[in-house]
Amino acid sequence: SKIYSFIDKVDYFNAKGSVYPISNDGQGADGTLQQDWPMPYMTVGSELTTTGGNYNQAGNVTAKLSGEYVEMRDFCNSQNVAEVTQTDGINWGGNAARASSNADCEVPGFGDDSNTHASRTGFYELNKMKEIARSRLPKNNWLKGQLVAKMNRENSCNAYWNGSTVNFYREGSGCGNTGEIAAVFDHEWGHGMDANDVNGGIAFPSGEGIADLYSALRLNDSCIGRGFYNDGRKCATGGECKICTGVRDIDQAEKKNGGPWTHTMSNNKCGSSVHCIGVVYSEAVWDLYKRKLQQGQFNYDENTALEIVTRLTYIAAGNINTWFTGPPTFSGCGSQSGYRAYLEADDDDGDLTNGTPHMSAIFEAFNDHEIACPTYQIPVFDSGCPNNPQTQPEITATPANMGVQLSWTTVSNSVEYEVLRSEGVMQCSQGKVLLGKTTGNTFEDSGLQNGREYYYIVVPKGVNDACYGPSSDCAAVVPSAQPYFTVDCSDSSVIDFDVNRVPASVSRQCVVTPYDGWTGSISVECNPTSTLMGIQCEGESVFIKAGQSTATCTITISIVSGAEMSEGSVTMVARGRSIERTSSFDVTITKGGGPQQAIFEGGSPICKKHGSSCDSVSLLDGRGLNLGPEPNQPNIRGNDCIDGSSGTYHEDESLDKIFVRSLDDKDMTEGSLIEVTATVWAWNYGDTDSADFYYTSDALNPEWLYIGT
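Not measured: the values here are computed from a predicted model.

What about a nonpolar patch on the surface?
Taken together, the side chains of Ile 658, Ile 674 and Val 676 present a nonpolar region at the surface, about 200 Å² in accessible area. In this structure, Ile 674 sits in strand 36 (residues 674-681). Accessibility expressed as a relative area gives 34% for Ile 674, which makes it partly exposed.

Take a look at the structure:
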């Protein structure tokens, strides 16, 4: 009955299928059907796949083009959801091209008649669009729910959001299948996002511009819906397009008029067309990204500029009621205007009168389109990012099984780093998932598809979230099953030293876990942050033998002469072959002495510093479970003294506090004479009650010794 070793023997499988990355127009890799793309967040048996389509239920399982975030219903099969049952992996397949006369409803011969190009492509793209959005707006409940997409509706040349679902048409009348074009998916999803953001409802005077922006920033393409027209036509809404075969282009340089689509031009040429009116502000934001931030005084690289504008758009759009209003020239002065919302999203301190980090660029972009506000109302100057990071980090991406380990060089003046990921034929030149922010120099990504190339950038940030340094170069990496190891030194408690008690040492146990047959020597070192004054640490190396499930190494942290009150962390670095792993824990140096108040830690109140007294304050105030205000019930060490659930607080026996002090009022030391005072409530007059006192010398494994009554 004894366990001698434990090995992870879970088998992992993958769900995949063919997808049109950007368009079905046959132009380049992004317009051609791509095989074996992961099906993210999809229902497989009783599981949901990961972002890379992974699941672990072996044998015959049934998969659906439906999941936590997206469900595809296809009119090629009476609005049914595609299903397929396969063994040890799901492959939805897909023909190499739209080859038949009924190409809209082509299926690969399995997965029933709902397994169309449109259903597979839409399932992938809508999930990726929502994944990006959730990383930007993690508290938005609409993004956490399921969006229904209805594919291959029997009409052509359109798509729409109806208030709850997104809907896409078949090929015909000189138009492509709108359910096989990524920008159309993202645009219609964008209407749903607009309707379900902070303000709710579709923005005035047009909600088309923000839907275009969500699409354009996701795909890094100003041509909205490339391949929408498949009969040689070019778009003409908001200006006649040079090459775009979509519904419109929001880059002024890609239109024959060669200048900004202004509020005045909109008034003269758009009439009541919301698609045309929306180009005024969508083009302004695209100009901010492509020109104002990548040229002139800012001169950001493309990845950094795209990240800045993506952040601003997701924050600002939810607070916009009317993008612009009133007569042209300066129509962005409203309290919930697009111009003001972008400034507020860029602001570092809640005060627009003292500038924002990118204020001049935002003003120029909106002013070029006559939707800014006069400088005498909102003065324009850039401020808020002193000592901003100036150099790009150098990033290293190491493949792991269904994951990637990232590390990068430290950038001066960086407060934290953003880590972002993309995938597919557009590599880093597209919108990215914001994986997280960290103050360290490492990051691990998981749930990825083995054999698929993923792309990463790291962006250094300054003193606030609007302060950007230059992005790292794009790092490409292909996850694969290979031997590796992890290390974990995590512990909920903070190592706390007393500056008055030097020298002293504490040990922390770190667990090294090998995977996929990793063996060999692992060197260990540890590094305190520069903020810790007077801390040293040492680590011991370990050796992993064949078949070994875990190994433990000890980190010894010491406080030495010259220590000062400070706080920071210690990072353990484990290296083996080409793999490097880190794990960190917090350390503080404080000063004890005098009266102390308890905090809750490890199951009960504790005074972490020595002193002349220790007061439980209000942490014990109660009677039993849910009887009285006592926080952190039951406040016990070990499994002794379990709370009851009967009686009435402050009528029956209750405890308010415990107070321990030295009788000479000096700091308690071994041998001091101690007084323990308990403030209690007795039943009735108290003549039938007594109070028993106990102590233990080991708080972690208490053996309670009776003192007296």
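Topic: the nonpolar core
A general trend in soluble globular proteins is that nonpolar side chains are found buried together. Met 42, Ile 90, Trp 189 and Tyr 342 are the most contacted members of the largest nonpolar core, which has 102 residues in total. With 10 residues, the top contributor of residues to this core is helix 6 (residues 274-292). The residues contacting Tyr 342, other than those within four sequence positions of it, are Leu 213, Val 285, Leu 288, Leu 312, Thr 313, Ala 316, Ile 320, Trp 323, Ile 362 and Phe 366. One finds Phe 497, Cys 526, Leu 532 and Ile 544 within the second-largest nonpolar core, a separate group that totals 31 residues.

Describing helix 1 (residues 117-136)
Between its first and last C-alpha, helix 1 extends 29 Å over 20 residues, near the 28 Å set by a 1.5 Å rise per residue. Counting buried residues in helix 1 gives 20 out of 20 residues, a clear majority hidden from the surface.

What about the state of the cysteines?
As enumerated under the stated definition, the model contains 11 disulfides in all. The side chain of Cys 333 participates in a disulfide bridge whose partner is Cys 373; the two sulfur atoms lie 2.0 Å from each other. On the sign convention where negative is left-handed, the bridge of Cys 333 and Cys 373, at about 110 degrees about the S-S bond, is right-handed. Here the residue Cys 333 occupies a position in the loop between helix 7 (302-317) and helix 8 (338-346), and Cys 373 occupies one in the loop between helix 9 (359-367) and strand 15 (395-400), the gap between them amounting to 40 residues. The disulfide bridge from Cys 489 ends at Cys 510, spanning 2.1 Å between sulfur atoms.

Side note on the packing of helix 1 against helix 3 (residues 182-195)
Two elements in contact, helix 1 and helix 3, have axes separated by 9 Å at closest approach and are oriented at 50 degrees. Taken as axis vectors, helix 1 and helix 3 run oblique relative to one another. Helix 1 and helix 3 meet at a crossing whose hand is right-handed. In this structure, helix 1 contributes Ala 118, Thr 121, Gly 122, Glu 125, Leu 126, Met 129, Lys 130 and Ala 133 to the contact, and helix 3 contributes Ala 182, Phe 185, Asp 186 and Trp 189.

A few points about the sheet that holds strand 30 (residues 579-590)
What the 5 strands build is an open sheet, ordered 23-30-29-25-27; its pairing is mixed. Two strands lie at the open edges of the sheet, namely strand 23 (495-498) and strand 27 (542-544), each paired on one side alone. Strand-to-strand twist of the sheet, defined as the mean angle between neighbouring strand axes without regard to direction, takes the value 30 degrees. Sheet topology places strand 23 next to strand 30; 4 bridges connect them, and they run parallel. If you follow Asp 498 over to strand 30, its bridge partner there is Thr 590.

Side note on the environment of Arg 153
Within the secondary structure, Arg 153 is located in strand 10 (residues 147-156). C-alpha of Arg 153 to C-alpha of Glu 68: the two residues are 85 residues apart in sequence and 23 Å apart in space. Leave out the neighbours within four places in its chain, and Arg 153 touches Phe 75, Tyr 160, Asn 167, Phe 168, Tyr 169 and Arg 170. Only 3.4 Å separates the side chain of Arg 153 from the side chain of Tyr 160, close enough to count as a polar contact.

With respect to unusual backbone geometry
Residue Pro 205 is bonded to the preceding Phe 204 through a cis peptide linkage, with omega at 0 degrees. Looking along the chain, the bond that leaves Gln 633 and enters Pro 634 is cis, with omega of 10 degrees. Locating Pro 634 in the fold gives a position in the loop between strand 34 (613-615) and strand 35 (654-662).

About the criteria used
- Residues numbered from 1 in each chain as written.
- Predicted model: local features only at pLDDT ≥ 70, side-chain atom pairs only at ≥ 80, totals over all residues.
- Heavy atoms only, no water.
- Patch = residues over 30% accessible without salt bridge, like charges linked within 9 Å, V, L, I, M, F, W, Y side chains within 5 Å.
- Areas by Shrake-Rupley, 256 points an atom, 1.4 Å probe, with all protein chains shown as cover.
- Salt bridge = Lys/Arg side-chain N within 4 Å of Asp/Glu carboxyl O.
- Helix = DSSP H or I, 4+ residues; strand = E, 2+ residues; numbered from the N terminus.
- Buried < 20%, exposed > 50% of the residue type's maximum accessible area, 1.4 Å probe, protein only.
- Core = buried A, V, L, I, M, F, W, Y, C linked by side-chain atoms within 4.5 Å.
- Contact = heavy atoms within 4.5 Å.
- Expected span 1.5 Å × (residues − 1).
- Disulfide = S-S within 2.5 Å.
- Axes fitted to C-alpha atoms, helices over the stretch in contact; angles between N-to-C directions.
- Parallel < 35°, antiparallel > 145°, perpendicular 65-115°, else oblique.
- Left-handed = near helix turned anticlockwise from the far one by under 90°.
- Pairing = 2+ DSSP bridges.
- Polar contact = N/O pair within 3.5 Å; in protein donor to acceptor, adjacent residues only side chain to side chain.

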